[in-house]
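# Close look at the chain arrangement
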Amino acid sequence: MAKPIPSPLYEKIPQKNTLHRASDVTIFFLLLSLLAYRLLSLKNNGFTWLLAFLCESWFTFIWILNLSSKWNPVSYKTYPERLLQCYRVDELPPVDMFVTTADPMLEPPIITVNTVLSLLAVDYPANKLSCYVSDDGASPLTFFALLEASKFAKLWVPFCKKYGIQPRAPFRYFSRELLPSHDNSMEFLQEYRKIKEEYEELRRRIEDATVKSISYELSTADFVAFSNIKKGSHPTIIKVILENKESRSDGLPHLVYVSREKHPKHPHHYKAGAMNVLTRVSGAMTNAPFMLNVDCDMYANNPQIFHHSMCLLLGSKNEQDCGFVQTPQSFYDGLKDDPFGNQFGVLYKYVVSGIAGLQGPNYSGTGCFHRRKVIYGLWPDGRMEFKGRIDERLEKTFGNSKEFTKTAARILSGLSGISDCPYDLSNRVEAAHQIASCSYEYGTNWGTKIGWLYGTTTEDILTGMRIHARGWKSTDCRPDPPAFLGCAPSGGPAALIQQKRWATGLLEVLFSKNSPFIVTFTAKLQFRQCLAYMWIISWGLRPIPELCYLALPAYCIMAGSHFLPNVQDPAVLIPISLFVSYNFHTLLEYWGAGYSIRACWNNLRMWRITAVTSWLFGFLSVILKLLGLSETVFEVTKKDQSTTPGEGSDKDSGRFTFDGSLIFVPATTLLLVHLMALVTALLGLFDLVGIESRIGEIICSVWVVLCFSPFLKGLFGKGKYGIPKSTICKSAALAFLFLACTITVRK
Ligand SMILES: O=c1ccn([C@@H]2O[C@H](COP(=O)(O)OP(=O)(O)O[C@H]3O[C@H](CO)[C@@H](O)[C@H](O)[C@H]3O)[C@@H](O)[C@H]2O)c(=O)[nH]1
Ligand SMILES: [Mn+2]
């Protein structure tokens with residue numbers, strides 16, 4: 001038994017945010033005044049006034065969501081050293097670790113290998129850990145890479161533990177100069193050099209295999225399962241790569257490769273499907289009470305992270321307070337000044353900390369420790385997702401594998417592990433095969449009530465929300481150094497496609513029976529948590545009002561109307577102060593989070609760009625789905641392979657890049673429309689009333705052009721830095737159509 005807890009393993013600390021609250025509230029009142037002013041003067045103004053009013057009402061609604069989400073921020077402080085005063089090492093609970101990868105081209109195996117190595121080497125008893133890698137690409141290359149990595153791990157893990165190496169992803173560790181303060185004894189240096197060479201060798205072998213694929217023979221016993229594999233149609237492959245047979249705490253964790261069965265006739269539900277297979281396979285093989293999942297690029301950067309999260313999972317007085325522990329998504333080698341606005345530092349500092357003060361942070365798909373029973377659909381009060389006797393219902397809920405349901409029953413009754421201990425992992429592979437088959441889930445509750453939920457490309461938001469809806473809370477864990485680090489997409493296309501998928505997935509949640517408002521009424525999602533989810537989900541709805549509002553100034557200039565009060569009207573002070581205070585407020589936030597002014601500007605700009613590219617296309621693809629015209633797909637984000645020092649830091653890496661995708665058309669059109677409007681205004685082409693009366697609209701138009709400056713540069717750029725001619729032609733045609741419409745209205 002664990003010793004009584006002498007002092008708490010963690011503290012929940014409310015954060016002071018008076019200044020931010022004040023500025024949030026000021027903006028809120030300015031928004032309300034603007035709306036009131038518009039309403040009062042609606043009669044005397046035309047269509048543009050009404051449109052502006054509608055858009056601003058939406059922005060106010062979003063602001064309320066934002067205000068509520070950020071109002072009560074908290075942080076958690078964990079005390080890992082106390083954990084070991086309360087628990088003996090052999091009393092620490094086991095954890096099953098999941099890594100997902102889907103495509104060896106977009107996700108180079110060396111990246112996955114580094115993530116796996118970092119997990120195998122964490123500071124936690126090795127006999128309590130098992131690492132399961134799901135390979136949705138069924139790639140012999142990925143398997144080869146893992147096999148080679150497992151040999152290297154035998155050197156790497158003891159080396160890391162002996163010298164307290166950080167971080168434990170070799171590509172990161174070896175990309176730095178040796179710290180002078182480090183133990184630089186002869187013995188260390190010798191080992192260091194040897195292991196560095198070994199890592200280089202590993203990297204070379206994987207690279208060679210990538211280009212030549214002769215490093216492994218598909219006819220050999222290890223690889224024969226991969227011969228005749230067709231993408232999207234193949235049987236299950238499960239291989240135990242490492243097994244800690246003697247259950248030694250200083251050995252290596254188990255390492256298991258899983259490629260689930262795929263068949264074109266059976267939907268595989270992308271990452272959610274992969275996670276459910278991992279849940280079941282690990283359930284049948286090791287059945288740890290806790291599960292960690294990371295994306296293939298998210299290596300463990302803080303070797304103590306398991307201790308930190310155990311402080312939260314084991315230290316909460318009431319289990320209900322911690323259904324899962326979420327660490328922030330942080331990135332390594334972030335581009336200077338966050339040119340693509342996807343490092344999310346500010347989002348985590350203010351919004352996620354705020355949500356942490358409500359029911360807890362949302363599950364963000366990676367870097368998360370779940371209680372297994374929570375994933376199995378248990379409610380905090382012990383209720384199940386099904387009624388009736390457990391043994392009768394287990395099969396209906398979890399499927400017809402005896403081996404698996406036995407272990408699920410243990411979890412639901414508060415036990416863990418598998419009953420026949422000690423066990424031989426290899427003996428359980430057969431059972432694991434059955435539960436990784438593509439027909440296993442039919443007629444069960446996987447993906448609908450238990451496990452990772454289906455029907456959206458943001459399975460993380462949906463799955464996390466359902467957990468909150470059962471009344472569980474979650475906790476936020478931000479140790480120093482950061483727990484996990486991954487790679488953020490760089491380049492226009494990759495960054496925009498990722499955001500498009502998010503917008504699509506979020507709207508799929510909104511339009512499903514699991515919409516936050518519905519689960520607030522039907523289940524235990526707290527009202528303000530629901531507002532927080534709505535704040536996130538609103539990303540998918542924003543393109544419409546944003547696009548209208550962004551087009552308004554240009555329309556007004558060309559159509560000879562206006563959407564802002566006249567400069568002589570004192571009411572013009574309302575939009576001016578709103579504009580100034582909003583930008584000042586944003587600056588304050590970025591400054592507070594340690595970002596530069598440039599990064600703040602880049603983010604402001606990217607929000608506009610994302611709205612009329614990614615989110616707009618996400619919105620359209622969900623409309624098509626609702627009309628039954630197409631299905632949504634999970635497009636995997638390309639991970640950059642800068643696994644050697646120096647690479648990836650090329651001087652153009654922050655520049656916006658383009659390709660022939662339609663996603664660039666609306667933003668290019670918008671830019672062209674504004675350029676036309678500014679030209680007409682400057683030349684006084686259509687103007688009957690003179691430029692002064694529309695100075696507000698003109699300033700707004702210039703602002704929009706500035707926001708879209710990456711596209712302005714793209715009009716003149718070459719190669720991948722230029723917008724393709726075909727895109728420019730399409731956009732120009734649309735822009736002229738817009739012009740024609742405004743002129744017709746004018747007449
Ligand atoms: O069919 C698939 C598609 C994807 N993946 C894996 O899913 C993970 C996330 O994919 P990625 O392309 O990196 O997407 P991101 O947009 O970077 O992922 C974020 O957004 C996703 C959806 O919201 C979450 O699942 C992720 O955890 C979160 O990091 C990767 O490990 C993939 O290998 C699969 O296993 N099978
Ligand atoms: Mn990713």
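Residues numbered from 1 in each chain as written. Chains lettered and ligands numbered in written order. Predicted model: local features only at pLDDT ≥ 70, side-chain atom pairs only at ≥ 80, totals over all residues. Heavy atoms only, no water.

## A look at the UniProt feature "binding site: Mn(2+)" (unreviewed entry) in the protein
What counts here: UniProt positions are given in the numbering used here, feature names are shortened, and annotations may be inferred rather than shown by experiment. Numbering of helices and strands runs from the N terminus, with a helix taken as a DSSP run of H or I at least four residues long and a strand as a DSSP run of E at least two residues long. Contact criterion: two residues are considered in contact whenever any of their non-hydrogen atoms come within 4.5 Å of each other.
UniProt's entry tags Lys271 and Asp295 with the feature "binding site: Mn(2+)" (unreviewed entry), counted in the numbering of this structure. Annotated residues spanning 25 residues; largest pairwise C-alpha distance 9.7 Å, indicating a single compact cluster. Secondary-structure assignment places Lys271 in helix α8 (residues 270-285). Sequence-distant contacts of Lys271, defined by excluding residues within four places in its chain, comprise Thr100, Asn293, Asp295, Gly365, Glu459 and Phe634. With respect to the helices and strands, the residue Asp295 is situated in strand β7 (residues 290-295).

## Brief notes about the pairing of β7
Regular strands have side chains that alternate between both faces of the sheet. Condition: In this scheme, a residue with accessible area under 20% of its type's maximum is buried, one over 50% is exposed, and one in between is partly exposed, where area comes from a 1.4 Å probe on protein chains only. Here, any two strands with at least 2 DSSP bridges between them count as paired.
Taken across its six residues, β7 has five buried, putting it largely inside the fold. Relative to β7, strand β3 (residues 95-101) runs parallel, the two sharing six bridges. Across the sheet, residue Val95 finds its bridge partner in β7, namely Phe290. Taken together, the four bridges between β7 and strand β11 (residues 368-371) define a ladder with antiparallel strand orientation. Each bridged residue has a counterpart across the sheet, and for Asn293 the counterpart in β11 is Cys368.

## Side note on the sheet that holds strand β8 (residues 299-300)
One open sheet holds the three strands; their spatial order is β8-β13-β10, and the pairing between them is mixed. A strand with exactly one partner marks an edge of an open sheet, and here the two such strands are β8 and β10 (330-331). With two bridges connecting them, β8 and strand β13 (residues 484-486) associate as antiparallel partners. Looking at β13, one finds that Tyr299 is bridged to Leu485.

## Points about the packing of aromatic side chains
The cut-off we apply is this: Aromatic rings from Phe, Tyr and Trp, with only the six-membered ring used for Trp, were paired whenever their centres fell within 6.5 Å, and each pair was classed as stacked if the ring planes differed by under 30 degrees, edge-to-face if by over 60, and tilted otherwise.
Within this structure, the stated rule accounts for 59 aromatic pairs. Ring centres of Phe324 and Tyr363 lie 6.2 Å apart, and the angle between their planes is 70°; on these two criteria the pair is classed as edge-to-face. On the criterion of sequence distance, the pair formed by Phe324 in strand β9 (residues 324-326) and Tyr363 in the loop between α10 (345-356) and β11 is long-range, its members being 39 residues apart. Using a relative accessible area of 0% as the deciding quantity, one classes Phe324 as buried.

## Concerning the UniProt feature "active site" (unreviewed entry) in the protein
Here, UniProt's "active site" (unreviewed entry) annotation points to Asp136 and Asp460. Among the structural elements, Asp136 can be located in the loop between β4 (129-135) and α5 (140-163). The class for Asp136 is buried, based on a relative accessible area of 14%. Once you skip the residues sitting within four places of it in the chain, Asp136 turns out to touch Thr101, Ala102, Arg260, Lys262, Tyr270 and Ala274.

## So, the sheet that holds β7
Quick note on the threshold: Every axis in this analysis is a line fitted to C-alpha atoms, fitted for helices over the stretch in contact. Angles between the N-to-C directions lie between 0 and 180 degrees.
With respect to topology, eight strands assemble into an open sheet ordered β5-β6-β4-β3-β7-β11-β9-β12, the strand pairing being mixed. The open sheet has two edge strands, β5 (237-242) and β12 (474-476), and neither has a second partner. Each neighbouring strand pair of the sheet contributes to a mean axis angle of 20°, computed without reference to strand direction.

## Structural notes on the pairing of β11
Taking every second residue as pointing to the same face, both faces of β11 are buried, with Cys368 and His370 on one and Phe369 and Arg371 on the other. Two strands pair when backbone bridges link them, and β9 and β11 are joined in this way by three bridges, in the antiparallel orientation. Paired with Phe324 across the strands is His370, a residue of β11.

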